[in-house]
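Structural characterization, general
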Amino acid sequence: MNKADMVEGVSKLTGSRVEAQRIVDYLFQAMRETLRKGEKVVVQGFGSFHVVMRKPKKGRNIKTGQEVLIPARQAIKFRKGKDFL
């Protein structure tokens, strides 16, 4: 399922594809903003998304074989809900 499929599903409920597009866009924008603040997004019965900090690690440049340091970075982690499957 992709974003267009989601819009199609929501449009069946709203009766308007334009309104469905706005709803889906708003949902993802709200989730993005919440995660950027470092807060958790919980969808009851589905799961939760939260930001984790990845540690810096050593990597290797494939072309030269030179060792490089991959800096610490933020990542999003998903934890499925109890009723997910």
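See the structure above.
A brief report on the enclosed structure follows. Nothing here was measured: the structure is a model prediction, and the numbers come from that model. (Residues numbered from 1 in each chain as written. Predicted model: local features only at pLDDT ≥ 70, side-chain atom pairs only at ≥ 80, totals over all residues. Heavy atoms only, no water.)

Here we come to the packing of aromatic side chains. On inspection of all chains with the given rule, the structure shows 4 aromatic pairs. When the ring of Phe46 is compared with that of Phe84, the centres are 5.1 Å apart and the planes differ by 65°; the resulting orientation is edge-to-face. Of this pair, Phe46 sits in the loop between β1 (41–43) and β2 (47–54) while Phe84 sits in the segment after β5 (73–80), and the two are 38 residues apart along the sequence. (Phe/Tyr/Trp six-rings, centres within 6.5 Å; stacked < 30°, edge-to-face > 60°. Helix = DSSP H or I, 4+ residues; strand = E, 2+ residues; numbered from the N terminus.)

The subject of this paragraph is the environment of Arg36. On the secondary structure map, Arg36 appears in helix α2 (residues 17–36). A C-alpha to C-alpha distance of 29 Å links Arg36 and Arg60, two positions 24 residues apart in sequence.

Turning to the pattern of salt bridges, a few remarks are in order. For the structure shown, the criterion picks out 4 salt bridges. The partner of Arg60 in a salt bridge is Glu67, with the nearest N and O atoms 3.7 Å apart. According to the relative accessible area criterion, Arg60 is exposed, its value standing at 54%. (Salt bridge = Lys/Arg side-chain N within 4 Å of Asp/Glu carboxyl O. Buried < 20%, exposed > 50% of the residue type's maximum accessible area, 1.4 Å probe, protein only.)

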